[in-house]
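Residue strings, one per chain:
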Amino acid sequence: MSPVPYFAHPGFATLALPRHIALLAGLALFSGIVVRAMISIGVPDRPDARKAHTRVTPKSGGVGIVAAFLLGISLLYRYGEVSRLAAPLFLGVIAAAVLIAAVSLLDDLFDFPFPVKLGAQLLAALVAVGAGLSARTFDLPLLGAVPLGIAGPVLSLIWILFVTNAMNFIDGLDGLAAGTTLIACLFLAGIAGLHGGFFVYTTALLLAGGVAGFLPFNYPRARIFMGDVGSQFCGFMLAVLGIAATHYQQVSLSFLVVPLLLSGVLLDVMFTLMRRAVTGQNIARAHRGHLYQVAHRAGMDARLVAAVYWGFAGFGGVVVIAFLHAPTDWKPVVIFAPLLPFALWAAYVVTRTRRADIGPWG
């Protein structure tokens, strides 16, 4: 007997997919209206040596993403049943998301020093973990579920902080962070819906709606940037969804879903941090040394660089699907698949920068 195709999965009937797609479209429209308003009243982002843009451009377009997300949450909290949003755990997560968005918006306005940003991120992460959002086990192929015990909340905090900052670091070219987030959310919503992870499904869909409304104003040529209020909010929510994914009942090693979807972003950040540490540079200092930034400085079109990272997200989604359906013996092999395209990308950037002779990476 042939397997049941995804579109015929009974989970989709439960999810009332057409209505949810209509909700996504409505949220995208609402987000676009807010973003259009922010173009007129947004905080100006002036060019400097660290930034890729050469003209004053408004930022805080992420307000549209946050506003659309919160509108969707409010509607589903009032009228939805399948999303399970009334549980105290998820109310705590939403409270943490509002906190990170509010502080990030203030950061766009007043440009807080990094320790203040990190402190706010830590506080928001503590709210989410304190509400009960914490990885409890880690499912390993061949070994099964490994209890994390007291390490679970600590690892969850580290994960949230890392992904929140990774998305913030990667938001340096038109459309790169927004497009990556949108692709990751769409894959995540589909995968979660098929496996009964209804909170992850719903939340990813709402975030996708907000980002979809913002992206046309940010790519191919940015009329507005998402700012910290957008990048940190998207990173925080994706990190939270990565932990929430561990609450699936049918998916082995489900925590890897979000890391695989964000493989391009996370590998770029890890590669950059390790390179700067090895060369004795201050890893906390602002710079333009990420691979995507170096590729752009070496003459690669910004739109193409963004498309490469969108491709990483799409490839990560394919890898997730392959992982979930791979025999147990092959799962440890499949999860390392994103390393190959990233290694090819890193080699290409190194070669291109040598030919362009751009000097120190920063």
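Just so we're clear, the structure is a prediction, and the values are computed from it rather than from any experiment. (Residues numbered from 1 in each chain as written. Predicted model: local features only at pLDDT ≥ 70, side-chain atom pairs only at ≥ 80, totals over all residues. Heavy atoms only, no water.)

Chemist: Hey, could you go over the overall build of the protein chain for me, with residue numbers and the actual values?
Modeler: Each helix and strand counted, the protein chain has 15 helices and 4 strands in total. By the burial criterion, 53% of the 362 residues in the protein chain qualify as buried. Across the protein chain, every contact between residues at least 6 apart in sequence was considered, and the portion connecting residues at least 24 apart equals 74%. Entry remark: accessible area of the protein chain is about 16100 Å², with carbon and sulfur atoms responsible for 69%. (Helix = DSSP H or I, 4+ residues; strand = E, 2+ residues; numbered from the N terminus. Buried < 20%, exposed > 50% of the residue type's maximum accessible area, 1.4 Å probe, protein only. Contact = heavy atoms within 4.5 Å. Areas by Shrake-Rupley, 256 points an atom, 1.4 Å probe, with all protein chains shown as cover.)

Chemist: A description of the nonpolar core should follow, citing residues and the corresponding values.
Modeler: Ranked by internal contacts, the top residues of the largest apolar core, which has 102 residues, are Trp159, Leu207, Phe233, Phe236, Val305, Tyr309 and Trp345. Looking at this core element by element, the count peaks at 11 residues for helix 9 (residues 227-244). (Core = buried A, V, L, I, M, F, W, Y, C linked by side-chain atoms within 4.5 Å.)

Chemist: Tell me what's going on with helix 3 (residues 62-79), and back it up with residues and numbers.
Modeler: An α-helical turn contains 3.6 residues, so a residue and the one three or four places further along point in the same direction. In this model, helix 3 (18 residues) spans 26 Å end to end at C-alpha, consistent with the 26 Å of a helix rising 1.5 Å per residue. Contact partners of the buried residues in helix 3: helix 2 (17-41), helix 4 (88-110), helix 8 (198-214) and helix 9. (Expected span 1.5 Å × (residues − 1).)

Chemist: Go over the side chain of Asp268 with me, naming the residues and quoting the values.
Modeler: Its place among the elements puts Asp268 in helix 11 (residues 263-278). Within the buried set, Asp268 has no salt-bridge partner at all; the shortest N-O distance to an opposite charge, 8.2 Å, is to Arg275. Polar contacts involving the side chain of Asp268 include one to the main-chain amide nitrogen of Tyr292, which spans 3.4 Å. If we skip the residues at most four places from it in the chain, Asp268 touches Ile170, His290, Leu291, Tyr292, Tyr309 and Phe342. (Lys, Arg positive; Asp, Glu negative; His and termini not counted. Salt bridge = Lys/Arg side-chain N within 4 Å of Asp/Glu carboxyl O. Polar contact = N/O pair within 3.5 Å; in protein donor to acceptor, adjacent residues only side chain to side chain.)

Chemist: Describe helix 13 (residues 302-325), and please don't skip the residues or the numbers.
Modeler: Given a rise of 1.5 Å per residue, 24 residues ought to cover 34 Å, and the 35 Å separating the end C-alpha atoms of helix 13 matches this to within 8%. Looking at where helix 13 begins, the residue whose side-chain oxygen comes 2.7 Å from the main-chain nitrogen of Arg303 is Asp301.

Chemist: Give a detailed account of unusual backbone geometry, specifying residues and quantitative values.
Modeler: Here Tyr219 and Pro220 are connected by a cis peptide whose omega angle stands at 10°. Mapped onto the elements of the fold, Pro220 is located in the loop between helix 8 and helix 9. Positive phi is not limited to glycine here, since Asp111 has a value of about 55°. Among the secondary structure elements, Asp111 is positioned in the loop between helix 4 and helix 5 (114-130). Its identity as a non-glycine residue notwithstanding, Asp357 has a phi of 50°, on the positive side. Inspection of the secondary structure assignment puts Asp357 in the segment after helix 15 (339-356). Judged by relative accessible area, Asp357 falls into the exposed class, the value being 65%.

Chemist: Outline the state of the cysteines, listing residues and values.
Modeler: Here the structure, examined in full by the defined rule, presents 0 disulfides. Looking at Cys185, it has no disulfide partner, and the nearest cysteine sulfur is the one in Cys234, 7.1 Å off. Residue Cys185 is classed as buried on the basis of its relative accessible area of 0%. (Disulfide = S-S within 2.5 Å.)

Chemist: Give me the pattern of salt bridges: which residues, what numbers.
Modeler: For the coordinates displayed, the defined rule picks out 3 salt bridges. With a closest N to O distance of 3.4 Å, Lys117 and Asp107 form a salt bridge. With Lys117 in helix 5 and Asp107 in helix 4, this pair connects stretches of sequence that are 10 residues apart. A salt bridge links Arg303 to Asp301, with the nearest nitrogen and oxygen atoms 3.0 Å apart. Linked by salt bridges that have partners in common, Asp107, Lys117 and Asp228 make up one network.

Chemist: Report on the packing of helix 3 against helix 9, specifying residues and quantitative values.
Modeler: With their axes 7 Å apart at the nearest point, helix 3 and helix 9 run at an angle of 45° to one another. Here helix 3 is positioned oblique relative to helix 9, judged by the angle of their axes. Helix 9 is crossed by helix 3, and the crossing has left-handed handedness. Together, Gly62, Val63, Ile65, Val66 and Phe69 of helix 3 and Val229, Gly230, Phe233, Cys234 and Met237 of helix 9 make up the contact between the two elements. Here the residues of the contact of helix 3 with helix 9 sort into 8 nonpolar, 2 polar and no charged. (Axes fitted to C-alpha atoms, helices over the stretch in contact; angles between N-to-C directions. Parallel < 35°, antiparallel > 145°, perpendicular 65-115°, else oblique. Left-handed = near helix turned anticlockwise from the far one by under 90°. Nonpolar A, V, L, I, M, F, W, Y, C, P; charged D, E, K, R; others polar.)

Chemist: I'd love a proper account of a nonpolar patch on the surface, names of residues and values included.
Modeler: A cluster of nonpolar side chains, contributed by Phe30, Leu71, Leu75 and Tyr79, occupies part of the molecular surface with about 370 Å² of accessible area. Per-element accounting of the nonpolar patch gives the leading share, 3 residues, to helix 3. Turning to its location among the elements, Tyr79 is positioned in helix 3. Accessibility expressed as a relative area gives 60% for Tyr79, which makes it exposed. (Patch = residues over 30% accessible without salt bridge, like charges linked within 9 Å, V, L, I, M, F, W, Y side chains within 5 Å.)

Chemist: Mind laying out the packing of aromatic side chains, listing which residues take part and the relevant values?
Modeler: On inspection of all chains with the given rule, the structure shows 9 aromatic pairs. Centroid distance Phe69 to Phe233: 5.3 Å. Interplanar angle 75°. Geometry classified as edge-to-face. With a gap of 164 residues between them, Phe69 in helix 3 and Phe233 in helix 9 connect regions that are remote in the sequence. Overall, the relative accessible area of 0% leaves Phe69 in the buried class. (Phe/Tyr/Trp six-rings, centres within 6.5 Å; stacked < 30°, edge-to-face > 60°.)

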